[in-house]
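# Residue-level structural notes
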2 protein chains.
Amino acid sequence: MAILPNPKQNHLLDALLSTEFDRLLTDLELVKMALGEVLYEPGGVLEHVYFPTSCIISLLYVMENGASAEIAVVGNEGILGISLFMGGETTSSRAVVQSAGYAYKLNAQLLKNEFNRAGPLQRLLLRYTQALITQMAQTAVCNRHHSVEQQLCRWLLLSIDRLATDELTMTQELIANMLGVRREGVTEAAGKLQRDGLINYSRGHITVLNRPALEKRSCECYQVVKTEFDRLLPAVHGIAK
Amino acid sequence: MAILPNPKQNHLLDALLSTEFDRLLTDLELVKMALGEVLYEPGGVLEHVYFPTSCIISLLYVMENGASAEIAVVGNEGILGISLFMGGETTSSRAVVQSAGYAYKLNAQLLKNEFNRAGPLQRLLLRYTQALITQMAQTAVCNRHHSVEQQLCRWLLLSIDRLATDELTMTQELIANMLGVRREGVTEAAGKLQRDGLINYSRGHITVLNRPALEKRSCECYQVVKTEFDRLLPAVHGIAK
DNA sequence: TTTACTATGTTGCATACCGCACATACAAAG
DNA sequence: CTTTGTATGTGCGGTATGCAACATAGTAAA
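Residues numbered from 1 in each chain as written. Chains lettered and ligands numbered in written order. Predicted model: local features only at pLDDT ≥ 70, side-chain atom pairs only at ≥ 80, totals over all residues.

## Overview of the packing of helix 7 (residues 172–179) of chain B against helix 8 (residues 183–195) of chain B
Residue and element names in this part refer to chain B. Remark: helix 7 packs on helix 8, axes separated minimally by 8 Å, with the N-to-C direction vectors making an angle of 110°. It follows that helix 7 is roughly perpendicular to helix 8 by the angle criterion. In this structure, helix 7 crosses over helix 8, and the sense of that crossing is right-handed. Residues Q172, E173, I175 and A176 of helix 7 touch helix 8, and the partners they reach there are R183, G185, V186, T187 and A190. Each residue belonging to the contact of helix 7 with helix 8 can be placed in one class, and the counts come to four nonpolar, three polar and two charged. (Axes fitted to C-alpha atoms, helices over the stretch in contact; angles between N-to-C directions. Helix = DSSP H or I, 4+ residues; strand = E, 2+ residues; numbered from the N terminus. Parallel < 35°, antiparallel > 145°, perpendicular 65-115°, else oblique. Left-handed = near helix turned anticlockwise from the far one by under 90°. Contact = placed C-beta atoms within 7 Å. Nonpolar A, V, L, I, M, F, W, Y, C, P; charged D, E, K, R; others polar.)

Structure representation (structure tokens):
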């Protein structure tokens, strides 16, 4: 069950050329990520970046009045800390562990050095950033136009895509915070999905039972994001040339 | 009144070192941008990038059902076509001229070559992209939590910041498309702002009369975006070292 | 001046979501 | 087994916005 953690479980690390990978390998530190752990606060200085293998990180913005909204999620397909190499120096949103698991931590300066070689790793990270931009843009659209149910479907799909399993550990309360809606709204939408046999949940454990049906009930946003990630970041396995 | 167009009116071009600027100068082509002109369609191949000097470009996503939402705006502080150097090759959203004016057009390959030198221009473009990401993220938050009036204020402020003037040529119908709300909603919000003396409008011409008051009525999103642009892209004037 | 068009104003109704209050049900700890 | 806490279910009123239909008013062309 518990798979032995391995840096190659992160798609970006997996896509590196062996020379680049070897340069970083000794500095990659395996860390356990606990649910709810806050990795970055807005405005903080970036000391490390994280390559998730089996956890999911939420990027969220918390407003002055305390209300929040998720901007994007990062899982084993990506890296947390893009503003490091984009030049921001500081983080721009809060990063919270949404699903517990493992990640590899890397010193910020080391990644920056590698990025500045302007080689395959740089190109790979920029492509990933482009995919992340698509996810953010689609989140904006989704927030404007789609119902809570549609957004919940999108959110569940994006989450299970980033885990090996069809099961999530996540209360409705937390999902509501992510989506920036009321908990009751999530309860209602989730209740419908459960009655229709698409999902099953109980006290913080959600299981997706009928994935195709969930995709149908979701808005187009899920497919747009997924397609763009697949296009920009195909499973390249060490051939990021 | 009509200022002679000059590439240096674009802040990114203005921030370049003279050696870089000189390499590009002869290939910069001044183009007139007409209101409503569509520069990119999603999925299209990028043949040119644009450096606006006196126009504003809207990046918008149009959904399957025809509804739309603005993702970000690009004016003389930026460049249209970031996915070129981010590695996407194709554009990911529709780009429409929101306010007529001028821009400098540049062959995509030339910019790509310059970007790949991994020098000051690359760092500048990445910083700009980071600022654009902030704008998109904030749009997502704003769409979730703020009223039409607040969003209208934000939108007006972001727009006039990107022009030299306090006047915009823009019907309420078009603003509604950008914000992804009903035209009536804009009419109502704009009517209130006019009654309170903050703006003046008539048949597609909007004048901002009381900018500080507009900032007060806006949500925090405007300041967040503005602060981040100012932080990442101070007026450097040829010292992007 | 008249006509036609486009932009803006207004009203009525439907609905999705919010905020609040509280009921229920499951689960872990004593 | 009981207690306690957390997760989920439900109902009620309020509000913002959506959808639709139509009125008015500038502007420009005939």
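The rest of the description comes next.
## Some details on the protein's contact with DNA strand C
Lining the immediate environment of DNA strand C, one finds 18 residues, of which S147, V181 and R182 of chain A together with T171 and Q172 of chain B sit closest. Looking at the surface near DNA strand C, the elements with two or more residues in it are helix 8 (183–195) of chain A together with helix 7 and helix 8 of chain B. The biggest single contributor to the surface near DNA strand C is helix 8 of chain B, with four residues. Each residue belonging to the surface near DNA strand C can be placed in one class, and the counts come to four nonpolar, eight polar and six charged. (Near = placed C-beta within 6 Å.)

## A look at the protein's contact with DNA strand D
Residues in contact with DNA strand D amount to 18 residues; listed here are only the nearest, T171 and Q172 of chain A together with S147, V181 and R182 of chain B. For the surface near DNA strand D, the secondary-structure elements that each account for two or more residues are helix 7 (172–179) and helix 8 of chain A together with helix 8 of chain B. Broken down by element, the surface near DNA strand D gets its largest block of residues, four residues, from helix 8 of chain A. When its residues are assigned to classes, the surface near DNA strand D shows four nonpolar, eight polar and six charged.

## Some details on unusual backbone geometry
Residues and elements named next belong to chain B. A positive phi angle is found at E89, which is not glycine, with a value near 70°. With respect to the element layout, E89 can be found in the loop between helix 3 (83–86) and strand 6 (94–99). Even without glycine at this site, R203 takes up a positive phi of about 45°. Topologically, R203 is positioned in the loop between strand 9 (199–202) and strand 10 (205–208). Overall, R203 belongs to the exposed group, with 6 C-beta atoms counted inside 10 Å. (Buried ≥ 20, exposed ≤ 12 C-beta atoms within 10 Å, placed from the backbone.)

## What about the environment of R23 of chain A?
Mapped onto the elements of the fold, R23 of chain A is located in helix 2 (residues 18–25). Along the sequence, R23 of chain A and L110 of chain A sit 87 residues apart, while their C-alpha atoms lie 9.5 Å from each other.

## Details of the pairing of strand 6 (residues 94–99) of chain A
Residues and elements named next belong to chain A. Within strand 6, five of the six residues are buried, which leaves it mostly tucked inside the rest of the structure. Strand direction decides the pairing type here: strand 2 (residues 38–40) and strand 6, joined by two bridges, are antiparallel. In the strand pairing of strand 6, Y40 is matched with A95. The sheet contact formed by strand 4 (residues 56–62) and strand 6 spans five bridges and is antiparallel. Residue pairing across strands places L60 opposite R94, the latter belonging to strand 6. (Pairing = 2+ DSSP bridges.)

## Remarks on the confidence of the model for chain A
Close reading of the predicted structure is inappropriate where its pLDDT is low. Mean pLDDT over chain A stands at 92; residues scoring 70 or higher make up 96%. Least confident of the elements in chain A is strand 9 (residues 199–202) of chain A, whose mean pLDDT is 91; most confident is strand 3 (residues 48–52) of chain A, at 97. (pLDDT = per-residue confidence, 0-100.)

## Overview of the sheet that holds strand 3 of chain A
Residues and elements named next belong to chain A. The strand order 1-7-3 describes an open sheet built from three strands, whose pairing is antiparallel. Edge strands, defined here as strands with exactly one partner in the open sheet, are strand 1 (29–33) and strand 3. The sheet shows a mean angle of 40° between the axes of neighbouring strands, direction not considered. Sheet topology places strand 1 next to strand 7 (residues 101–107); five bridges connect them, and they run antiparallel. Within the sheet, the bridge partner assigned to M33 lies in strand 7 and is G101. Packing of helix 4 (residues 108–115) onto the sheet brings it into contact with strand 3 and strand 7, and relative to strand 7 it is tilted by some 70°.

## As for the interface of chain A and chain B
Between chain A and chain B, the residue contacts involve 32 residues of the former and 32 residues of the latter. Elements that contribute at least two residues to the side of chain A that touches chain B include exactly strand 5 (68–74), helix 3 (83–86), helix 5 (120–145) and helix 10 (221–232) of chain A. Sorting elements by how many residues they give to the side of chain A that touches chain B places helix 5 of chain A first, with 15 residues. The residue makeup of the side of chain A that touches chain B, split by class, is 14 nonpolar, 12 polar and six charged.

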